[in-house]
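# Summary of the model geometry
As a plain string of letters, each chain reads:
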Amino acid sequence: MADLRPAILGGTPLATSPIRLVRPVLPEFATLAPAVEQTLISGMVTKGQHLAAFEQAVADHLGVAHAIAVSSCTTGLALTYRALGLNGPVIVPSFTFMATVSALIWAGATPRFVDIDPATTNIDVKAVRAALTPEVQAIVAVHNFGNPAAIAELEALANEAGIPLIFDAAHGFGAQYNGQPVGGFGTAECFSLSPTKLLIAGEGGIVATNNDELAHKIRTGREYGNDGKYGSDWAGLNARMAEYNAIMGRHSLDQLEQAARQRSQYAALYWAALFATPGIDFQAVRPSDRCSYKDYSITIDETYFGLSRDMLRQALAAEGIETRAYYDPPVHRHAAYAQFAPAEGSLPKTDWLAKASLSLPMHSEMEFDTIETICNAIKLICAYGEEIAASQ
């Protein structure tokens, strides 16, 4: 007879096989093969027709004048920051992936960390307004987990201050703001195409902008700043995207809308199954927006759930369910950025969310039964919270 207690207490794991946090949905090889073969025959493995076609397709999808493909979102951010001449204080959240900030340092700017709205997980507009001083050179916001930031409010603040607004849109493909794809807002938006995203090129990134001058600088910047005559208009780097990545990205783009719709459906299933569980809360998405759900992240209030986020994570691992704690520690607590950290206690919402947030398995092709298994495991663990806590 199966032991119906949580696996961490010796029960039978609910997952009959491991449930991974992410699983990329990739185009079938047969769809890629003709273009890959043509590329190999031509010898044009970079800077070829497939890159140009991919960039145009992305620009059309996003409704922007320019979509510049680069080797990663990180290089896209670094080139954007550098092309804008940022070399002083830049407002940025700390609850984000480290690349948002590391690219600032590489470009020669200084992060000025501000707090987030724990409901949306995005940068707090009030905190941005409070941090704006004459020496601030730009605002950087993030669409966390694919949830569009407060774009209109941030654009108003940036316009009033006369400074650029850059969005780290690493999670942004598939997300919509007021019915429009994110990508054409602010001064520029930088996307990731790595395997954990909805749009996948293997590795790579996109810088989307309607600013002609900025687009020109980023295009030359990804080629070392080369002016075409072995001179340099400015000091760039090698951030080119290979033809193979562009081919994969072009075919993945065809699957993007379906992936976004499926993830919204899976998110609704998660919510319906877990909303009555004490101590669990969900990322707030405006009704007029669509989150890409690059990750499906909940928060755990130990007082009501009965276990900490980390204890729940450990118990889920025993059930065969992989999870992740984004972003713990937040960037201002990384050793590399200690010199830029604000006074202790200055980012209380960021520090709280970093300890409370838990990302559950989410990918673009999931079985409903898988989500049911995950939710049943969470509810079972909650029911045995006292016993699990006592056993630790």
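It should be noted that the structure appears before, not after, this text.
Residues numbered from 1 in each chain as written. Predicted model: local features only at pLDDT ≥ 70, side-chain atom pairs only at ≥ 80, totals over all residues. Heavy atoms only, no water.

## A word on the overall build of the protein
- From N to C terminus, the protein includes 14 helices and 12 strands.
- The globule rule puts the C-alpha radius of gyration for 392 residues at 21 Å, and the 22 Å found for the protein is close to it.
- If one aligns the C-alpha atoms of the protein with their principal axes, the spans along those axes are about 75 × 55 × 35 Å.
- Counting every position in the protein, which comprises 392 residues, the buried fraction comes to 55%.
- About 16,700 Å² of surface is accessible on the protein, with carbon and sulfur atoms providing 53% of the total.
- Side-chain charges in the protein split into 27 positive and 40 negative, and the spacing between the mean points of these groups amounts to 4 Å. (Helix = DSSP H or I, 4+ residues; strand = E, 2+ residues; numbered from the N terminus. Rg over C-alpha atoms; globule rule 2.2 N^0.38 Å. Buried < 20%, exposed > 50% of the residue type's maximum accessible area, 1.4 Å probe, protein only. Areas by Shrake-Rupley, 256 points an atom, 1.4 Å probe, with all protein chains shown as cover. Lys, Arg positive; Asp, Glu negative; His and termini not counted. Charge placed at Lys NZ, Arg CZ, Asp CG, Glu CD.)

## What to know about the sheet that holds strand 5 (residues 165-168)
- One open sheet accounts for seven strands, arranged 1-9-8-5-4-2-3; its pairing is mixed. Two strands close off the open sheet at either side, each with one partner strand: strand 1 (66-70) and strand 3 (110-114). Adjacent strand axes in the sheet meet at a mean angle of 20 degrees when their direction is disregarded.
- Across the sheet, helix 4 (residues 99-107) lies against strand 2 (89-93), strand 3, strand 4 (138-142) and strand 5, angled at about 170 degrees from strand 2, the strand it touches most. (Pairing = 2+ DSSP bridges. Axes fitted to C-alpha atoms, helices over the stretch in contact; angles between N-to-C directions. Contact = heavy atoms within 4.5 Å.)

## Describing the packing of aromatic side chains
- A full pass over the atoms with the stated rule returns 12 aromatic pairs.
- With 6.1 Å between their ring centres and 5 degrees between their planes, F145 and Y327 make a pair best called stacked. Of this pair, F145 sits in the loop between strand 4 and helix 6 (151-161) while Y327 is found in the loop between helix 11 (309-318) and helix 12 (348-356), placing the two residues 182 residues apart along the sequence.
- Taking 4.7 Å as the distance between ring centres and 10 degrees as the angle between the ring planes, the aromatic pair formed by Y270 and Y296 counts as stacked. With Y270 in helix 9 (residues 256-274) and Y296 in strand 11 (residues 296-300), this residue pair connects regions lying 26 residues apart in the sequence.
- Its relative accessible area of 0% is what places Y270 among the buried residues. (Phe/Tyr/Trp six-rings, centres within 6.5 Å; stacked < 30°, edge-to-face > 60°.)

## Observations concerning the state of the cysteines
- Within this structure, the stated rule accounts for zero disulfides.
- The closest cysteine sulfur to the non-disulfide-bonded C190 is located on C73, 5.7 Å from its own sulfur.
- Here C291 is not disulfide-linked; the sulfur of C73 is the nearest cysteine sulfur, at 16 Å.
- The buried category is assigned to C291, whose relative accessible area is 2%. (Disulfide = S-S within 2.5 Å.)

## Quick look at the nonpolar core
- Counting 47 residues, the largest nonpolar core has L154, F173 and I206 as its most contacted members.
- Per-element tally for this core: the top contributor is helix 2 (residues 49-62), with six residues.
- Those residues within four positions of I206 in sequence are excluded, and the remaining contacts are F54, V58, A67, I68, A69, V70, F173, E189, C190, F191 and L193. (Core = buried A, V, L, I, M, F, W, Y, C linked by side-chain atoms within 4.5 Å.)

## Remarks on the packing of helix 9 against helix 13 (residues 368-383)
- The N-to-C vectors of helix 9 and helix 13 enclose an angle of 30 degrees; their axes lie 10 Å apart at closest approach. Judged by the angle between their axes, helix 9 and helix 13 are roughly parallel. Considering how the two elements wind past one another, helix 9 and helix 13 form a crossing that is right-handed. For the pair helix 9 and helix 13, contact is made by Q265, Y266, L269, Y270, A273 and L274 and by F368, I371, I374, C375, I378 and K379, respectively. (Parallel < 35°, antiparallel > 145°, perpendicular 65-115°, else oblique. Left-handed = near helix turned anticlockwise from the far one by under 90°.)

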